[in-house]
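Residue-level structure breakdown
For reference, the chains in residue letters:
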Amino acid sequence: MRVFIAEKPELGRAIADAIGGGQKDGGCIRCGSDDVVTWCFGHLLELTDPEDHDPTAKQWAMERLPLRWPIEHKPIKDKNDQIKLIKRLVGQATEVVNAGDVDEQGQLLIDELLDYIGNTKPVKRILISDMNKKIVQRSLDNLRDNKEFYGLYQSALAQAVADQHYGYNLTRAYTLAGRAAGADHVLSVGRVQTPILGLVVRRDEEIRQFVPYPFHVLWAEVRVAA
């Protein structure tokens, strides 16, 4: 039995429609006795927090920085039922098909789940960029080995971990420094958020300080003897 794990329900329905003979069964669609299509609702997992590994990490103190903790995942609170269903279906499967979106996040979303549930079954990858039935059927005929996309998974995971560690540590560092200087609020710092905010603030400041002045456009006509 093949189990297709789509990134979202609408993609799962498109795959089941392309396979044909689908019958809805709770959080999945069974297509005959050989194929089952199930789905995520975006990310079903999130990275663990430092407090999940060390309760004392809840205490904000400069001497505790930088925080370091294992790279592990935990279920998002309202996604447990779907995770259990996918784990059960994968346990019954002979082959799993990663049907995440065709990008780094789509690769990450399914691969992190397969790692979390301890999958040991062979995994294929289906690349679907259009939910048109004929295009999906063409993709079904061109499954690839999911190992080919391991680099995408690791790239997306590294970005997620970097974002989390950067944000947690620098937010605490700046907030604690701010409190020492009299501030009484959290100073949020993010790998993407902070540089973009800096660009916006700098541009606003340039606009506020703009001073109009007259200028002239000069034209010159030059004639050269032949």
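An account of the accompanying structure is given in this report. (Residues numbered from 1 in each chain as written. Predicted model: local features only at pLDDT ≥ 70, side-chain atom pairs only at ≥ 80, totals over all residues. Heavy atoms only, no water.)

Looking now at the overall build of the protein chain. Within the protein chain, the regular secondary structure consists of seven helices and nine strands. In terms of overall dimensions, the protein chain is more spread out than a globule: its C-alpha atoms have a radius of gyration of 26 Å, far above the 17 Å expected for 226 residues. Taken over the C-alpha atoms alone, the protein chain extends approximately 80 × 75 × 30 Å along its principal axes. For the protein chain, buried positions account for 37% of its 226 residues. Accessible surface, the protein chain as shown: approximately 14,100 Å² in total, 54% of it carbon and sulfur. (Helix = DSSP H or I, 4+ residues; strand = E, 2+ residues; numbered from the N terminus. Rg over C-alpha atoms; globule rule 2.2 N^0.38 Å. Buried < 20%, exposed > 50% of the residue type's maximum accessible area, 1.4 Å probe, protein only. Areas by Shrake-Rupley, 256 points an atom, 1.4 Å probe, with all protein chains shown as cover.)

For helix 5 (residues 133-140), the full list of buried residues reads Val 136, Ser 139 and Leu 140. Angularly, the buried residues of helix 5 cover 105 degrees about the axis, an arc narrow enough to put them on a single face. Exposed and facing more than 90 degrees away from the buried side of helix 5 are Lys 134 and Arg 138. The elements touched by buried residues of helix 5 are strand 1 (2-6) and helix 1 (9-19). Where helix 5 starts, the residue carrying a side-chain oxygen 3.0 Å from the main-chain nitrogen of Lys 134 turns out to be Asn 132. (Arc of directions from axis to C-beta. Contact = heavy atoms within 4.5 Å. Polar contact = N/O pair within 3.5 Å; in protein donor to acceptor, adjacent residues only side chain to side chain.)

Applying the stated criterion across every chain yields a total of 12 salt bridges. Across the pair Asp 25 and Arg 30 runs a salt bridge whose closest N-O atoms are separated by 2.8 Å. Its relative accessible area of 37% is what places Asp 25 among the partly exposed residues. Using a relative accessible area of 25% as the deciding quantity, one classes Arg 30 as partly exposed. Lys 74 serves as the salt-bridge partner of Asp 49, at 3.0 Å between the closest nitrogen and oxygen. (Salt bridge = Lys/Arg side-chain N within 4 Å of Asp/Glu carboxyl O.)

What follows covers the nonpolar core. By size, the foremost hydrophobic cluster in this structure holds 20 residues, and its most contacted members are Ile 5, Cys 40, Ile 86, Val 90, Leu 113, Leu 114 and Ile 117. Of all hydrophobic cores here, the second largest spans 16 residues; its members include Phe 4, Ala 6, Ile 15 and Ala 16. (Core = buried A, V, L, I, M, F, W, Y, C linked by side-chain atoms within 4.5 Å.)

Our focus in this paragraph is the packing of helix 4 (residues 104-116) against helix 6 (residues 150-180). Closest axis-to-axis distance for the helix 4/helix 6 pair is 8 Å, and the angle between their directions is 90 degrees. The angle between the axes of helix 4 and helix 6 places the two elements in the roughly perpendicular class. Only Leu 152, Tyr 153, Ser 155, Ala 156, Leu 157 and Gln 159 of helix 6 make contact with helix 4, whose side of the interface consists of Glu 104, Gln 105, Gln 107, Leu 108, Asp 111, Glu 112 and Asp 115. (Axes fitted to C-alpha atoms, helices over the stretch in contact; angles between N-to-C directions. Parallel < 35°, antiparallel > 145°, perpendicular 65-115°, else oblique.)

Below, the discussion takes up the pairing of strand 4 (residues 35-39). Of all five residues making up strand 4, five are buried, and the element is well covered by its neighbours. Judged by which residues are buried, strand 4 turns out to be covered on both faces: Asp 35, Val 37 and Trp 39 on one side and Val 36 and Thr 38 on the other are all buried. Pairing analysis gives five bridges linking strand 1 to strand 4, with the strands arranged parallel. Considered in strand 4, the bridge of Val 3 is made with Val 36. Relative to strand 4, strand 3 (residues 28-31) is paired through four bridges, and the arrangement is antiparallel. (Pairing = 2+ DSSP bridges.)

Moving on to unusual backbone geometry. With an omega dihedral of 0 degrees, the bond running from Leu 65 to Pro 66 counts as a cis peptide bond. Along the chain, Pro 66 falls in the loop between helix 2 (50-53) and strand 6 (73-75).

Once that is clear, we can look at the packing of helix 1 against helix 5. At a minimum axis distance of 9 Å, the contact between helix 1 and helix 5 shows a crossing angle of 80 degrees. It follows from the interaxial angle that helix 1 and helix 5 lie roughly perpendicular. Along its contact with helix 1, which presents Ala 14, Ile 15, Asp 17, Ala 18 and Ile 19, the element helix 5 presents Lys 133, Val 136, Gln 137 and Leu 140. Of the residues assigned to the contact of helix 1 with helix 5, the class counts are six nonpolar, one polar and two charged. (Nonpolar A, V, L, I, M, F, W, Y, C, P; charged D, E, K, R; others polar.)

Moving on: the pairing of strand 2 (residues 22-25). As judged from the four bridges shared by strand 2 and strand 3, these two strands associate in the antiparallel manner. Within the sheet, the bridge partner assigned to Asp 25 lies in strand 3 and is Cys 28.

Bringing the side chain of Glu 7 into the picture now. Mapped onto the fold, Glu 7 is located in the loop between strand 1 and helix 1. Here the side chain of Glu 7 touches Asp 101 through a polar contact of 2.7 Å, landing on its backbone nitrogen. Filtering out sequence-adjacent residues up to four positions away, Glu 7 remains in contact with Cys 40, Phe 41, Gly 42, Ala 99, Gly 100, Asp 101, Gly 106, Leu 109 and Ile 110.

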